[in-house]
Amino acid sequence: MNNYWQTETPVVATSAKNVLRWFPKAGRLQVSLPDWTGGNGKTNPGKTVTLNVEALRESEDVEAARRIFREILESLE
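A brief look at the structure comes next. (Residues numbered from 1 in each chain as written. Predicted model: local features only at pLDDT ≥ 70, side-chain atom pairs only at ≥ 80, totals over all residues. Heavy atoms only, no water.)

**What to know about the pattern of salt bridges**
Note the cut-off: Counted as salt bridges are all cases of a side-chain nitrogen of Lys or Arg within 4 Å of a carboxyl oxygen of Asp or Glu. Only DSSP runs of H or I reaching four residues or more are called helices, and only runs of E reaching two or more are called strands; each is numbered from the N terminus. Relative accessible area decides the class of each residue, using a 1.4 Å probe on protein chains only: under 20% of the type maximum gives buried, over 50% gives exposed, and in between gives partly exposed.
Considering all chains together, one arrives at four salt bridges under this definition. Among the salt bridges present, the one from Asp35 reaches Arg21, with a minimum N-O distance of 2.8 Å. With Asp35 in the loop between strand E3 (28–32) and strand E4 (36–37) and Arg21 in strand E2 (residues 19–23), the pair connects residues that are 14 residues apart, well separated along the chain. Since its relative accessible area comes to 13%, Arg21 is described here as buried. Measuring nitrogen to oxygen at the nearest pair gives 3.6 Å for the salt bridge that ties Glu54 to Arg57. Of this pair, Glu54 and Arg57 both sit in helix H2 (residues 53–57), three residues apart, which is roughly one turn of the helix. Shared partners join several salt bridges into a network, and the residues in it are Glu63, Arg66 and Arg70.

**Points about the pairing of E2**
Our working definition: Being paired, for any two strands, means DSSP has found at least two bridges between them.
The alternating pattern of E2 places Val19, Arg21 and Phe23 on a buried face, while none of Leu20 and Trp22, on the opposite face, is buried. By the bridge criterion, four bridges tie strand E1 (residues 11–14) to E2 in an arrangement that is antiparallel. Residue Val11 lies in a different strand from E2, and its bridge partner there is Trp22. Hairpin connection, E1 to E2: the antiparallel pair is bridged by four residues. For E2 and E3, the ladder comprises five bridges, and the chain directions are antiparallel. Across the sheet, residue Trp22 finds its bridge partner in E3, namely Leu29.

**As for the packing of aromatic side chains**
Each aromatic ring pair is specified by the distance between its two centres and by the angle formed by the two planes. This is how it is decided: Only the six-membered ring of Trp is used, alongside the rings of Phe and Tyr, when aromatic pairs are assigned; centres must lie within 6.5 Å, and planes under 30 degrees apart are stacked while those over 60 apart are edge-to-face, with the rest tilted.
Throughout the structure, instances matching the rule amount to two aromatic pairs. A ring pair is formed by Tyr4 and Trp5, whose centres lie 5.1 Å apart and whose planes are at 85°; its orientation type is edge-to-face. A relative accessible area of 7% means that Tyr4 is categorised as buried. Exposure remark for Trp5: the relative accessible area of 46% places this residue in the partly exposed category. Pairing Tyr4 with Phe23 gives two aromatic rings, centres 5.0 Å apart and planes at 80°, and the pair type is edge-to-face. Note that Tyr4 is positioned in helix H1 (residues 4–7) and Phe23 in strand E2, a separation of 19 residues in sequence. Taken as a pair, Tyr4 and Phe23 share a single burial class, namely buried. A connected cluster of aromatic rings, assembled from ring pairs, spans Tyr4, Trp5 and Phe23.

Structural measurements only, silent on function.
In structure tokens:
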């Protein structure tokens, strides 16, 4: 999937320390440091890592990923 971040509008969750961007069509979750504004006034995303959720579905250990996400959800309750 080429340049999904340019063609798909993500669902965004922002905190003081992280920005989550979920691209459901592409099956990608980005986790970034907070956005920052450069000297030119342009807002840029912080350093970002991307989780290919689609690839997790193909994983031999998909159950471990499910456990991790369950634990994350429980910790947010």
